[in-house]
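Architecture and fold: a report
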Amino acid sequence: MYCPIVKSPRRPVATADGKVSYQDKGKDAGTVTVTGKDGKTATLSFNQNKVPDDYPKDVPIYSPSRVVMSQSVSDKNARNLMLESTDASDKIVDFYKKGLDGNGWKTESTMTTAQLTILTSSKDQRQVVLQITDGGAKRSVMQVVSDKH
């Protein structure tokens, strides 16, 4: 896989502000690590069509759905998952409300419009934000789990 930020997939590129490295992890998957002058690092791992192994087990994943994209970001321990389903929005929203509640999450807010529902829940020092978008024949589900800000 070619990463335009890094000329060589194996060799880090140094800049005045630090360095950037890329590790290929197979088809449509990899990790980009940015290291600042101060030595602090931020890592972005991405994978297409697969739920990451480190995705929190207490956050439900709607089924039937297709994984469109997944990301793991070291900053705030963030995990992003984009799903797609042909099921009705209200069925998906109901699944998440019950699934989160059943796993100890507390719903903090729900916002609903004609084509969009956003659920925000918390548990311990973490937060999950779900965005269910009605796109005609398909619904998109974006799940973002992270440490609280």
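Summarised in this report is the structure supplied together with it. Note that the coordinates shown come from a computational prediction; the quantities given were computed from them, not determined experimentally.

Our next topic: the environment of Ser70. The residue Ser70 is located in strand E5 (residues 66-73) in this model. Sequence separation between Ser70 and Met82 is 12 residues, and the spatial gap between their C-alpha atoms is 6.2 Å. A polar atom in the side chain of Ser70 sits 3.0 Å from the backbone oxygen of Lys50.

The next subject is unusual backbone geometry. The phi torsion of most residues other than glycine is negative, and most of the peptide bonds are trans. Looking along the chain, the bond that leaves Ser63 and enters Pro64 is cis, with omega of 10°. Within the secondary structure, Pro64 sits in the loop between strand E4 (41-47) and E5. A positive phi is found at Asp124, a non-glycine position, where the angle reads about 55°. For Asp124, a relative accessible area of 61% gives the class exposed.

What follows is about the packing of aromatic side chains. Under the definition given, this model contains two aromatic pairs. Here the aromatic rings of Tyr62 and Phe95 are separated by 5.1 Å at their centres, their planes lie at 85°, and the arrangement is edge-to-face. You can see Tyr62 sitting in the loop between E4 and E5 and its partner Phe95 sitting in helix H1 (residues 89-102), a full 33 residues away along the chain. Tyr62 gets classed as buried once you look at its relative accessible area, which sits at 3%. The class of Phe95 is partly exposed, set by a relative accessible area of 29%. Among the aromatic residues, ring-to-ring pairing joins Tyr62, Phe95 and Tyr96 into one connected group.

Take the nonpolar core next. Within the largest apolar cluster, 17 residues are counted, with the highest numbers of intra-cluster contacts made by Leu83, Tyr96, Val128 and Leu130. Of all the secondary structure elements, the ones that give two or more residues to this core are strand E6 (78-85), H1, strand E9 (126-135) and strand E10 (138-147). Counting residues per element, this core draws most heavily on H1, at four residues. In this structure, Tyr96 is in contact with Pro60, Ile61, Tyr62, Leu83, Leu119, Leu130, Val141 and Gln143, ignoring residues within four places of it in sequence.

The end-to-end C-alpha separation of H1 is 20 Å, in line with the 20 Å expected for 14 residues at 1.5 Å each. Buried within H1 are the following residues: Ser89, Ile92, Val93, Tyr96, Gly99 and Leu100. Axial view of H1: buried residues confined to an arc of 140°, hence all on one face. Projecting away from the buried face of H1 at angles above 90 degrees are the exposed residues Asp90, Lys98, Asp101 and Gly102. In the core, the buried residues of H1 are packed alongside E6, strand E8 (116-123), E9 and E10. Of the residues flanking the end of H1, it is Gly104, one or two places downstream, whose phi is positive at about 85°.

Scanning the model with the defined rule gives 10 salt bridges in all. Glu84 is the salt-bridge partner of Arg66, the closest N and O atoms lying 3.0 Å from each other. Here Glu84 lies in strand E6 and Arg66 lies in strand E5, a separation of 18 residues in the sequence. Among the charged side chains, a network of salt bridges with common partners joins Asp58, Lys123 and Arg126.

Parameters and conventions
- Residues numbered from 1 in each chain as written.
- Predicted model: local features only at pLDDT ≥ 70, side-chain atom pairs only at ≥ 80, totals over all residues.
- Heavy atoms only, no water.
- Helix = DSSP H or I, 4+ residues; strand = E, 2+ residues; numbered from the N terminus.
- Polar contact = N/O pair within 3.5 Å; in protein donor to acceptor, adjacent residues only side chain to side chain.
- Buried < 20%, exposed > 50% of the residue type's maximum accessible area, 1.4 Å probe, protein only.
- Phe/Tyr/Trp six-rings, centres within 6.5 Å; stacked < 30°, edge-to-face > 60°.
- Core = buried A, V, L, I, M, F, W, Y, C linked by side-chain atoms within 4.5 Å.
- Contact = heavy atoms within 4.5 Å.
- Expected span 1.5 Å × (residues − 1).
- Arc of directions from axis to C-beta.
- Salt bridge = Lys/Arg side-chain N within 4 Å of Asp/Glu carboxyl O.

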